[in-house]
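Fold and contact review
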Amino acid sequence: MTLWGGRFSGSLDPLAWELNASIGFDQRLARQDVRGSIAWAQAIAAAGVLSAAECDQICAGLQTVAQEFEAERFAFQPGDEDIHTAVERRLGELIGPLAGKLHTGRSRNDQVATDFRLWVLDNLPVLDAALQEFQSALVERAEADFETLMPGYTHLQRAQPILLSHWWLSHFWPLHRDRQRLHDLVKRVAVLPLGSGALAGCPFAIDRAALAQALGFAAPSANSLEAVSDRDFAAEFLFCTAMIGLHLSKLSEMMVLFTTAEFGFFELSDAFSTGSSLMPQKKNPDLFELARGKSGALLGLLNGMLAMLKGLPSTYDKDLQEDKPPVFAAFDTLTTILPALTGALRTLKTRPARMRAGIDAAMLATDLADYLVERGVAFREAHALAGKAVRLAAERGVTLDALSVSDYQGLHAAFGTEVHTVFDPAQSVARRKASGGTAPEAVKVQLQQAKEALHLQHAAPTQPDSAGKAS
Ligand code: ARG
């Protein structure tokens with residue numbers, strides 16, 4: 001039985017039913033739907049629509065429905081068009097015709113928008129926790145690999161020596177911004193649509209501020225027309241997840257590259273890598289490849305949502321039913337990827353000797369120029385002189401540190417006899433101690449900052465019993 005049969009003489013064609021029904025995915029809103037309905041029953045009771053006894057009976061019935069969902073005993077029926085229908089149908093079975101009073105003054109338009117926002121509020125902390133755990137793994141790696149030297153790249157060409165800890169932490173901060181974005185999103189999700197009716201508002205004397213508070217929202221929406229159609233929060237959520245995907249993809253691409261035999265900087269643990277059905281020797285970084293690949297799908301989910309919203313007239317349109325699958329998909333994708341990558345990071349082996357071998361003397365050409373600057377040569381000239389040294393070494397087929405003191409002095413008198421001290425990569429790294437640089441003393445400060453950033457508090461104004469539970 002649908003909630004809207006009155007004006008129809010026949011029933012919906014099965015083919016139309018198939019397209020129209022949303023129960024297949026919106027049953028994920030079960031908890032939120034029941035919670036919203038309990039608060040609604042109380043709101044209309046306070047407005048004099050229900051007696052106290054009726055309200056108690058309805059709420060008790062809804063609690064039973066909630067327990068059935070919790071125990072996974074709830075039996076969906078073939079006629080349940082969506083989660084709202086399923087809950088109301090079951091309530092009717094439990095308490096009889098009184099169930100028919102619950103929907104007074106409410107529409108599924110304000111109801112579904114409320115349920116969906118509650119779901120996002122409930123699940124933002126779950127995503128946040130998965131990100132935090134991943135960040136913790138990066139911090140642990142940075143601590144464990146603190147002094148390890150590695151080649152740093154620009155254009156994927158060897159550039160300058162850096163600390164591996166600095167590199168790990170370079171993947172921490174983008175995720176920090178992602179978490180800040182999720183936290184910031186809360187205030188735009190926590191606006192209550194319930195009490196907007198189908199579009200025009202509620203004719204009963206409900207206290208929407210109290211309703212908002214009861215459901216853990218910061219405030220009721222200001223405009224009923226807008227409230228039933230606003231899905232900015234869902235699009236923003238998908239932007240956040242797309243960015244997270246992008247950040248994980250960048251790290252993943254590096255992990256794929258750095259685990260090749262050619263680089264050999266990392267070796268993945270057996271538990272977090274896979275083999276080939278044909279080539280017995282293969283150990284593949286599939287998890288990172290999947291993260292890289294799935295990040296493309298995450299971008300697509302955002303695009304799909306924006307495209308769905310783009311052509312809509314104002315207030316509720318059924319297109320909006322399509323808002324939920326992409327949000328659920330993005331959430332499921334990330335809550336699957338993040339723990340797996342966290343495990344992979346925690347269990348991989350680093351190969352410091354391979355990284356050290358990737359640092360050649362040419363990567364210290366900048367240090368050579370800086371050395372001349374310290375001895376009074378203008379940087380532009382110092383840069384040109386270091387470049388000449390690189391060319392001379394290349395012509396002779398030797399490395400930069402193989403040129404002799406007299407070779408250097410032949411280029412410029414400012415080169416001293418201790419010029420070769422420049423070619424110590426540890427020294428090069430140690431010199432970059434301005435804040436945010438790769439020197440151990442700067443990275444130590446950064447590590448401290450990262451540890452503090454880990455404890456970003458989640459600001460979700462939602463009920464404590466629901467926070468942190470995925471559904
Ligand atoms: N399943 C619908 C959705 O997710 C519920 C709202 C239906 N409203 C309506 N006017 N048909 O959007």
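Here goes a summary of the coordinates provided. (Residues numbered from 1 in each chain as written. Predicted model: local features only at pLDDT ≥ 70, side-chain atom pairs only at ≥ 80, totals over all residues. Heavy atoms only, no water.)

**Thoughts on the packing of helix H12 (residues 286-310) against helix H13 (residues 324-347)**
- For the pair H12 and H13, the least separation of the axes is 10 Å and the interaxial angle reads 160°. As far as their axial angle goes, H13 and H12 are roughly antiparallel. Considering the relative orientation of H12 and H13, their crossing is left-handed. Contact with H12, carried on its side by Leu287, Phe288, Ala291, Lys294, Leu298, Leu301 and Met305, involves Pro326, Val327, Ala329, Ala330, Thr333, Leu334, Ile337, Ala340, Leu341, Ala344 and Leu345 of H13 and no other residues of that element.
- Per-class residue counts for the contact of H12 with H13 are 16 nonpolar, one polar and one charged. (Axes fitted to C-alpha atoms, helices over the stretch in contact; angles between N-to-C directions. Helix = DSSP H or I, 4+ residues; strand = E, 2+ residues; numbered from the N terminus. Parallel < 35°, antiparallel > 145°, perpendicular 65-115°, else oblique. Left-handed = near helix turned anticlockwise from the far one by under 90°. Contact = heavy atoms within 4.5 Å. Nonpolar A, V, L, I, M, F, W, Y, C, P; charged D, E, K, R; others polar.)

**Observations concerning the pairing of strand E2 (residues 157-163)**
- When strand E1 (residues 149-154) meets E2, the two strands line up antiparallel, connected through six bridges. Following the sheet pairing, Gly152 is matched in E2 by Gln160.
- As consecutive antiparallel partners, E1 and E2 are separated by two residues, and within that stretch His155 has a phi angle of approximately 55°, a positive value. (Pairing = 2+ DSSP bridges.)

**Considerations on the site of the ligand**
- Close to the ligand lie Ser22, Asp26, Asp82, His84, Arg108, Asn109, Val112, Tyr316, Gln321 and Lys324.
- In this structure, Asp82 approaches the ligand through a side-chain N or O atom, which is 3.4 Å from a nitrogen atom.
- Asn109 places a polar side-chain atom, nitrogen or oxygen, 2.9 Å from a nitrogen atom of the ligand.
- Starting from 340 Å² of accessible surface for the ligand in isolation, the protein chains cover 85%.
- It is helix H6 (residues 108-144) that provides the largest number of residues to the shell around the ligand, a total of three residues.
- Here the shell around the ligand is composed, by residue class, of two nonpolar, four polar and four charged. (Near = heavy atom within 4 Å. Polar contact = N/O pair within 3.5 Å; in protein donor to acceptor, adjacent residues only side chain to side chain. Areas by Shrake-Rupley, 256 points an atom, 1.4 Å probe, with all protein chains shown as cover.)

**Some points on the side chain of Glu68**
- Locating Glu68 in the fold gives a position in helix H4 (residues 52-70).
- We classify Glu68 as buried; its relative accessible area is 7%.
- Setting aside chain neighbours within four positions, we find Glu68 in contact with Arg73, Phe74, Arg90 and Leu94. (Buried < 20%, exposed > 50% of the residue type's maximum accessible area, 1.4 Å probe, protein only.)

**Here we look at the side chain of Gln446**
- Looking at the secondary structure, you find Gln446 in helix H19 (residues 440-454).
- In terms of polar contacts, Gln446 uses its side chain to reach the side chain of His166, at 3.1 Å.
- With residues near it in sequence (within four places) discarded, Gln446 still touches His166, Leu169 and Trp173.

**Section: the state of the cysteines**
- Across all of its chains, the model carries zero disulfides by this definition.
- Considering cysteine sulfurs only, Cys59 is the nearest to Cys55, which forms no disulfide, with 4.0 Å between them. (Disulfide = S-S within 2.5 Å.)

**Considering the packing of helix H11 (residues 232-258) against H13**
- One way to put it is that H11 packs onto H13 with a least axis distance of 10 Å and a crossing angle of 30°. On the basis of their axis angle, the class for H11 and H13 is roughly parallel. Helix-helix and strand crossings are classified by hand; for H11 and H13 the assignment is left-handed. Contact residues: Ala234, Phe237, Leu238, Thr241, Ile244, Leu248, Leu251, Ser252 and Met255 in H11; Pro326, Val327, Ala330, Phe331, Leu334, Ile337, Leu338, Leu341 and Leu345 in H13.
- For the contact of H11 with H13, the class distribution of residues is 16 nonpolar, two polar and no charged.

**Regarding the packing of aromatic side chains**
- One pass over the structure, following the stated rule, counts 21 aromatic pairs.
- Note on Phe116 and Phe328: the rings are 6.4 Å apart at their centroids and 80° apart in plane angle, and the pair reads as edge-to-face. One end of the pair, Phe116, is in helix H6; the other, Phe328, is in helix H13, and 212 residues separate them in sequence. The exposure classification of Phe116 matches that of Phe328, with both residues buried.
- Seen from their ring centres, Tyr408 and Phe415 are 4.9 Å apart, and the 45° between their planes marks the pair as tilted.
- Three or more aromatic residues joined by ring pairs make a cluster, and in this case those are Tyr153, Trp167, Trp168, Phe258, Phe263, Phe265 and Phe266.
- Taking NZ or CZ as reference, Arg7 lies 5.5 Å from the ring centre of Phe8, over its face. (Phe/Tyr/Trp six-rings, centres within 6.5 Å; stacked < 30°, edge-to-face > 60°. Lys NZ or Arg CZ within 6 Å of the ring centre and 35° of its normal.)

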